Structures are given as structure tokens and as C-alpha cells.
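# Tertiary structure, described
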Amino acid sequence: MILGLTFATPLLLLGLLAVAIPPLLHLLARARAQEVLFPTLRFLRASVEKTARRRRFQNVLLMALRMLLLLLLALAVAEPITQALGSWVASPRYAAAVLFDNSLSMGARQGAATRLDRARQQAQLLLSGTDKPALAALLPTNAGAAPRELTGRLDTLREQLRNVPLSFGRAPLAAQVATALDLLRNDTSPQKVIYVFSDLQRASFEELLASDALARDEDVHLIVVHANDGPVENVGLRDLRVQGQRVVGQTLDLTAVLTNSSPTDRTVDVRLQVNGAPVGARVRRTLSPVGSEGSSATVRFRLPLTESGPLAGEVILEQTDDLLPDNVRRFALDVASGVRALIVRGPSRETDPLYLAPDALLRIALDPFGPQRPWSVRPQVVESDRFDPASLQAADIVFCTDVPAFTPEQADALARFAAAGGTVFFFLGPDVDPANYNERFVQAIEQEGGLLPGRIEAAVGEIGPSADATPIDWVDMAHPYLAGLYDSLNEYLDVIVQRHYRLADSARPPRVLLRLETGDPLVVHKAFGSGQVVLCTTGASRRWSNLPMARLFVPLVLRAALLSRPGSQAPESYLAGSPVVLRPDLPPTATTASLDVILPPDDSGTSEVVTVPVRPSKEGPVAAFDRTERCGIYQWRLGGTGESETPVRGAFAVNPSGAECDLQPFDPDAFRQGMRNRGLQRTYVGADLASAHASALTDAQGANWWDLLLVLAILTLVAESVVANRLRARADAVPAHLNPRLRDEHPPA
Amino acid sequence: MAKSSYLYFEPERIEKLSNLNLLARQAVEGFVSGLHRSPHKGFSVEFSEHREYVPGDDIRHLDWVAWGRSDRCYIKQYEQETNLRAYVLLDASASMNYRHTGEVTKFAYGCYLAACLSYLMCRQQDAVGVIAFDNDIRFHLPPASTPAHLDRVFRELEKTRPGRKTTMAPVFHRLADTLAKRGLVIVISDLYDEQSEVLKALQHFAYRKHQLILLHLMDPAELTFPFRKIFTFVDLETDEKLQVDPRGIRDAYVQEVQAFTARYRKECSDRNIEYVLTPTDTPYDQMLLTYLAKRRALLR
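Residues numbered from 1 in each chain as written. Chains lettered and ligands numbered in written order. Predicted model: local features only at pLDDT ≥ 70, side-chain atom pairs only at ≥ 80, totals over all residues.

## Describing the overall build of chain A
When helices and strands are counted, chain A shows 13 helices and 35 strands. The buried share among the 749 residues of chain A stands at 39%. For chain A, long-range pairs separated by at least 24 residues make up 76% of all intrachain contacts whose partners lie at least 6 apart in sequence. (Helix = DSSP H or I, 4+ residues; strand = E, 2+ residues; numbered from the N terminus. Buried ≥ 20, exposed ≤ 12 C-beta atoms within 10 Å, placed from the backbone. Contact = placed C-beta atoms within 7 Å.)

## A closer look at the overall build of chain B
Summing up its helical and strand segments, chain B has 10 helices and 10 strands in all. Taken across its 300 residues, chain B has 41% of its residues classed as buried.

## Structural notes on the interface of chain B and chain A
Tallying the contact residues gives 30 residues for chain B and 27 residues for chain A. For the side of chain B that touches chain A, the secondary structure elements donating two or more residues are β8 (231-235), β9 (241-244) and α9 (246-270) of chain B. The element contributing the most residues to the side of chain B that touches chain A is α9 of chain B, with 6 residues. Taken together, the residues that form the side of chain B that touches chain A break down as 16 nonpolar, 6 polar and 8 charged. (Nonpolar A, V, L, I, M, F, W, Y, C, P; charged D, E, K, R; others polar.)

## Comments concerning the sheet that holds strand β4 (residues 94-100) of chain A
Residues and elements named next belong to chain A. With respect to topology, 5 strands assemble into an open sheet ordered β7-β4-β8-β9-β35, the strand pairing being parallel. Unpaired on one side and paired on the other, β7 (135-140) and β35 (683-686) mark the two borders of the sheet. On average, each strand axis in the sheet is inclined to that of its neighbour by 15°, with strand direction left out of account. The pairing of β4 with β7 spans 6 bridges and is parallel. Looking at the pairing, Ala-96 lines up with Ala-136 of β7. (Pairing = 2+ DSSP bridges. Axes fitted to C-alpha atoms, helices over the stretch in contact; angles between N-to-C directions.)

## Here we look at the pairing of strand β26 (residues 521-528) of chain A
Residue and element names in this part refer to chain A. Most of β26 is tucked away, with 7 of its 8 residues classed as buried. For strand β25 (residues 511-516) and β26, the ladder comprises 4 bridges, and the chain directions are antiparallel. Residue Arg-515 lies in a different strand from β26, and its bridge partner there is Pro-521. Hairpin remark: β25 followed by β26, antiparallel, with 4 residues in the connecting loop; positive phi at Gly-519, about 95°. Two strands pair when backbone bridges link them, and β26 and strand β27 (residues 531-536) are joined in this way by 6 bridges, in the antiparallel orientation. Bridge assignment links Phe-528 to a residue of β27, and that residue is Gly-531.

## Here we look at the nonpolar core
By size, the foremost hydrophobic cluster in this structure holds 115 residues, and its most contacted members are Ala-341, Val-398, Phe-399, Val-424, Leu-451 and Ala-561 of chain A. Discounting residues that sit within four places of it in the chain, Val-398 of chain A has contacts with Leu-342, Val-344, Leu-392, Leu-414, Phe-417, Gly-422 and Val-424 of chain A. Membership of the second largest hydrophobic core comes to 82 residues, among which are Leu-184, Phe-225, Ile-249 and Leu-288 of chain B. (Core = buried A, V, L, I, M, F, W, Y, C linked by C-beta atoms within 7 Å.)

## Here's the deal with the sheet that holds strand β15 (residues 309-317) of chain A
Residues and elements named next belong to chain A. What the 4 strands build is an open sheet, ordered β13-β12-β15-β16; its pairing is antiparallel. Looking along the sheet, the strands with just one partner apiece sit at the ends: β13 (277-287) and β16 (328-335). Put simply, the sheet's adjacent strands are angled 15° from each other on average, direction ignored.

## Structural notes on α9 of chain B
For α9 of chain B, with 25 residues, the first-to-last C-alpha span of 34 Å sits near the 36 Å given by 1.5 Å per residue. The sharpest bend along α9 of chain B measures roughly 30° and falls at Ala-252 of chain B. Listed in full, the buried residues belonging to α9 of chain B are Gly-248, Ile-249, Ala-252, Tyr-253, Tyr-264 and Cys-268 of chain B. The elements touched by buried residues of α9 of chain B are α2 (42-77) of chain A together with β7 (211-218), β9 and β10 (274-279) of chain B. (Expected span 1.5 Å × (residues − 1). Bend = angle between axes of the 7 residues up to and from the residue.)

## Quick word on the confidence of the model for chain B
In this model, chain B carries an average pLDDT of 80, and 82% of its residues clear a pLDDT of 70 or more. Here the prediction assigns the complex a pTM of 0.53, and the interface score ipTM is 0.80. (pLDDT = per-residue confidence, 0-100.)

## As for the environment of Val-523 of chain A
Structurally, Val-523 of chain A is set in strand β26. Judged by local crowding, Val-523 of chain A falls into the buried class, with 28 C-beta atoms found within 10 Å.

Structure follows, in C-alpha cells:
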């Protein structure tokens, strides 16, 4: 700024150096003056003496005028601006929606301050400077449902801005811009601007780039002030996946994904910690610089589950860097005790070998090790004619294998068992009476079209060594019972069936897990109430098919058993800011109960307790909790008892957004160009408010061809002067006979 | 006329001027008339040569014998019969060795004039002497009117090279004292000397009853100073240097030169000296024709 002026094209102020041209030319011309012979100097000397004073004055005046002309030209092409910068919108009254990015990446420390601090400072400048908007609204990107409206009380906004905290979530920039547009659309101010104070994090701005919201409001300007100040050193835990059945006796696979945002190689150590105690050895990884192959890496841990109940753990990155919250990723699980499986079997012939018994191979599949070794599933076998419905209370899953028929009480008990969350698995063997099944489970049960996935028709196919067998030709590899077992479909297709029951078409077709080449389903699945029903149209013995001997049989029945434990499939963690639905183990009628949620301790070590009401739902009593701004392990217990010693009933983990640990920024020019390619011409990006305003101001005035023409004119004048001087010099060229150095070689006549 | 073997004598340029001889004669006769009124009239008895009769010649000098033999009228001339002694004083100083864009230097131009005048006067039987000088006398050929003398004049002019500094006033004083009285003195010079001293020296000639014609040679560049960019001018005679931006002083320079020539013009007029400013871009024959015609008109 010079004398209160700013310049639209300050770079062209370099033209001020041109002021030195006239004196330089003068000195050069004097230094390079050519010698020429002349008859006498008497008249020249007299003329010089006579005109000396006048010439000195004229020369000084002329040089001063030329320097002034060049000075004015240089200032002119730099376009001095006397108006206030903020009034680039050509109106003293404009409305601004101030989007303030308080996502996790803004917590990155660069030097003495964080990006959030720098962005806050720039936003304060906007709201307190002489160019402040007449109306403004403050929209932190991660502020939940804060009130959003345009106001002229900028002092209030400044106060709010001071208190905007760093969040652990991702900045939903596109959604917030849409909100800002809605705000501005309803305002009558002549000019409208959306300011975004952010770090240009690629993940968020790519989303904004793809958004159509801005394209609909072409009269709204978008000014992005980015708070980046060079590269940062950061390795973050981007993701943590927990795979495996959360049942005692199983082993979980934990896979953590590391991302390096640093411009250099980084070597880090990662360890697993469960309930405060380390598990296994730390793992070391070296990651390549950001943007190159190898900037991401995975770390795997195995966690054997030895106890049932809540389990909280974390994967920790030990080295410190510029962004600390993404150096730990937590998880919380509810480990179920052993699965209680009940096998109701039909009659078997004493002379039959083991593999022809209806339950033998099933029992081996569920408990391959026997009582000598701890295992997740403990099956109990009961004869079908001794099946007591009351025994279902002690079961999580019931396998009905080749049961000829059910009494109405048994059928009703199985339906209620499934509706309450249990799993019923039918194997239809040679002793099954389809009519009884259809009557008891289809006709007698109105809920969801009956317990069975469809009406059972007559069995088809012959058995025996010379009889034909039908292979399966399709497997639902995405179903949780079968997913991830093998890489390709062909590896599943080792099942052949000689005889099976056909299913009639149903108004509610079940999900087919295995299908015969003939098109008949072999295994189908349907949800029933809170539970599951699985039907296999052939038996669990080797009598009608090789299914019990096939490679997919064990995982199929074992997974069905492991996944039958209620609550064991809850997410291991939630993202900060996400709502959490808690499912307390309460009677369906417990509508007056509440839960106490214990938040993770804050910086001072204090844990806040939040009470949330329990409400009934179709899936049982639930409690909705949405105060998940803080990262850590949240515990909950039954509330309303007035006792602080009530035992903890569950826990869940809240982690920062994984995308936020990738601090790679968008190139400002590339972002602006991208927006312009989408037709959003009024997008300006600057490293601070002043530069963003200057960019906007230049653009608001349109393409200034005058500058270009002026520069061309000046260049043309200079070129003309050079050419004219050269021509004049040629015209004034000293003939050889007048050159003192050549007078001997070139006599005058 | 055959092509001349002399450097500064171009018969074809003189011959193509019709009546130049007559005009010159008439012009010179003016001097002669003046001289006839002087106490030095009469002819020598020593025969020199014949020349063809032209109307106006005194018939007493008609060679009747030749007329009888050839039926042509010839006038007998004698060595002492020449009416006029003319002296051509040619400046051969270094400053004369200058030309800007023209074809000839001032010195060469002066040589052409000296040769031409010598030829014309010899052709009308007047004696002409040529003296070249700078700060001293470079050569001195006493007046004569014979072809052999003319040949010597041409050869001496060809041999002479301009070179030294001009100091013409002492030279003029010396010549004024030594030259026979009542002659015609033609000074060809750029007159780059102390002006008042030169005028005094010219006055000396006038005092000795000489009639003076001052042919002031100037290169056009000296008169108009056409330079535009900054030059370091080097004095031809002294090698002194002076850096000048011509655009700033041109007007003053022209005024200085005009004042210089104007003073000569006025002082010469006051002393009954004919002053002729002669730019060297004017062809010398054209200049002579114009000058002699003008002079003839004045003398009538």
C-alpha cells in the first residue's frame, strides 16, 4: 500500500524501475559519444558557454518530465485503488456467510499456531475490519445444529468465533455451502459472498468441487482463505477394521491403515492395547512421502477373545507429530459368551453309519474339538419327540434336522423364539412331513408370511450310487454366512445333491444362499422379527447329498451360530459427531427407563455424565445419543436409579474422521481452475484475506484489456525510440574521413 | 578540348560556360581600367607572345605584319605590358581539410578556384601569382601569365597538402609589405583566425593600394551544424575535444557563425573589400559565373 492506495496489479509496480531509464540513457549516451572531426571548436565553445544555463535547466526539466511520465505510466498500469478492499462487491452493503472450518485437520500445528488459530485470526479480520459486511452469519463446518441466520450484530459473531472449538469430524463443506446459499438466497442485500476459512484439505474440497449447489447461484461469490502455511509432518491412523466373530474363543483380526501426509519418509511404531494392557509386539512401518506410492501402509494385529463382556482397546501410533488426535484409534466390543446351540434331531436308525445320522456331522461342524478344548459353540442334542419348547430359553440358535413333524406348541415356540432374535435353522431330511411343516409354520403363523421362507413341496430326485446328482451353480458370496471364504465362485461349487424338497414360489421371496443347477434353491434365508430363519432343502446327513462333507458346510453352520448372539454385531466404533443408538437389554415395556452415558474425560480429566431416555421401538428399547463430539471410549449404564455405582452395561468408541488425517491440501490454483471449469467464475482463493480480496477485486473489474494495451503501447513506444535512435544513429553515422582514429587511412578528399 | 592532366583544372567545366572568357576579361578590365589610371602605364619592348584581337583592344598594338601574312588580327604582347598583377592567396591550414558529406574539402575547393582564376587571368594575358599559406608561406609563385607559369601553378597546387594551424595575420602583413603595389589580391580561406587581426592584415593590403577579394569558404555543415546525437568534436587544427549535444546548441551555433560572417561582410564592406561567402556545396564554376556576372553588373 502506498499513500493509502492499493494496487490491483502490484506486480506491475516493478515498472517503477523504468524511472531510472532516462538518467541511464543520458549517462550511456555521454559515455558512448563518438568522436568526430570538426574544423574549429570556436563557435561550439561559444555556443556551449552561451547556452549552458538554459540547457542545464532544459535538460533537468526534460529528464524530470520523462521520469514523471514513466512513473505515472508505471502507477497507471498497476491500477491504484483508493476504495476500500472489502467494497470490491461495488456496494458498501453486502451479506456474507462465513464458513469456518473447524474439522480435525485444522488442528494441525504449523509453527507456533494451528491452522485453526490462523483461520480464526483471518475471520476476525473480516468481521472487524473497515471492509466488514453489513450482514453476516457464522457457520462452523462441524457445529451440529447451531442457529444459523444473518445478523448485523457482528460483535456477537466475533464472540462466537472466539469460542468455536476444534472438532474431530470431517468438514462437510458442500453441505455447509448449500446451507450458506439458502441463507443468502433469502436476503435482499445487493451483493452476497460466501467466505470459507479453511485449510483447502483435498478430501473436503474435492467434494465441494463436485457439488452443484454453487452453480445454481451464480451471483454469489465464493472466497476461500486458506490457512496453510507450508507442509506438515503427520502420520495418522486412517482406519481400523475389526474382523471376526465377537464370541469367546474366537480371534479377531484388527487391520489399521496408516497414512503419511509429510513431505518426507516417516518411520513409525504401532501397538495394540486392550483394556489398558498391551497386546502383542509393536509393529514398525516406514511410509513414503505424501503423494507417492507407499505413503499408506497397513498394520495387522490378532486379538484372541478369552472373556465375555465389554472390551475396549486402541491402536496407538507412538511417534508424535503435528496432528496428535489421529495417532490413536479406539474400538469397543461386546464379547459374547459361548453360543448356545440346540440341535433337535429326527429319528435315526441304529444300523446307520455315523455320516447318515441326521445330527452327527452337524454336531461335529459346530464343535470340532469336543469338550477337551474351549470353543465358542456348545451344542446340545435333543430328540424331536422330546423337544420341549421351554428349552429354547437357553438357546441362541436351534437346528431342526430331519424333524418329521412339529406340534402346534413346538411350532409356536420356534416362531416366538425367532421373533425375539433367535435363529432357527431347518434341515429337511427324508423323514420330514412337508404337509405338517406347511400347516404349522406357514398356515398357522401369520407374521411375515409364516416362519418358513416358502411352502415346502414334494421331494424330487433319486438316491443311490447310480442316480443322478445335481450340482449347485450359484452361491451368495456376499451373505455374512458365506462371505470371504474363498476368492472365486468355483471354489464354492463342490456340492452335489441327489434328492431335495422343492419350494413353492412365495409372495416374499427369501434370499437364496445356495442354488441348484436346476434353479431350485438349496439354502434360503429370511429375517423373521428380530431373528433369522434358514432353510436347507436337503438333509444334514450324507444320505441325500454331499453337503455335510462340502467345504462350505462348516463355515455356514458355524457362522450362523456365531452370528446368532444378539448385540455382538454392533459397530466397533463411531465417527465423531455421529449419532449412536444404544440397545439396553431391557423388557420391551420398559418405557420409563433412561441411560447414563459417561463421556470420555476432557482435558482436565473430568468425565461428564449425560442422561438419555429409553424409548420403545420395533426392535426393542433403544436410546439415541448424539453428543459424540469428543473422541474416546464412552460407557453407559442403566440410569434413573440414583446410584452412581450402577455397573456399566456397555461401551462404544468414538474416533476422529479417518479422512482428516490425510492433510494433503488442494493446490489453490487447481481448485480455482476446477471451479471455473465448472462455470463458477466467481471463485477466489488467497493465503490471507487481503490477497483473496485483491484477487476478487481484479476479477470483479472484468478482464482489463486496457492494461495489456497500455503495456503494449509503452513497449511499442520504447521499440520506436530504439529503432528511431538506431536510424538516427545511422543517419548521424560518422564518415570514416571524419573519424579521428581513421583520418590517416581515409583522407577527406 | 582535350581532357586535362591536372588535378584541379577541369577545362570542360570552364569551357562549357559560354562567354566566360569575355565576362572574365571584362571583369578584369575593370581592374585594368583602374590600373590605367595609375602611373605605371606603358608596355615593355620585350615581345612576349601574340594573342588574337578582340574588340576593344588598342589597335596600336596590332601586328600588321602578321595581319598581312595570315589575314588575321593579332595583338603583340610584351612581358611588361600586362596591366594586372593578381595574387591568389590560398589557405592551406588544417581546418581547410574538411568536408562533411560533400565531395570536396574546403582546400580542394579552394584549389579549384585558384586554378580556375589563374587560368582565366593568364588567358587574358594578366599576370597571376599564387601563394599558399598556413602559419607560414607554403609556396609562393610570383605573378606571370605564360602557359609555363600556369603549369607550375597547377603542379604546386597538386603537391600541396593542408596540415598546420592557421595564423594568417602575420603572413598577410608580410605579404602586404613584399608584394608589388596596386595588385589584385584574392584571398581564399575559411578565415579561422583572430578576426580583428585578419581584418587588420587585410587593411594592410588595402593600404598598399591592392584591391582585395575575399572568398570565404565554408562547408555547409559549418553553416548549419546538422548533427543530432551527442558527439565529441575534435578540432582539426589543435586536436582539442569538446562533447556537445548538438540539439541543445544548434541555434546558438548558427547565430555565432552568422555573426562571424556578418562581421567580415560589414568590415570588408567598410574597407572596400569584396567579400564572398562561398559554401562548398556550390559548384565552383557556378559560383564563379555568378560572382563575375554580378561584378560586371556592378562595374558598369
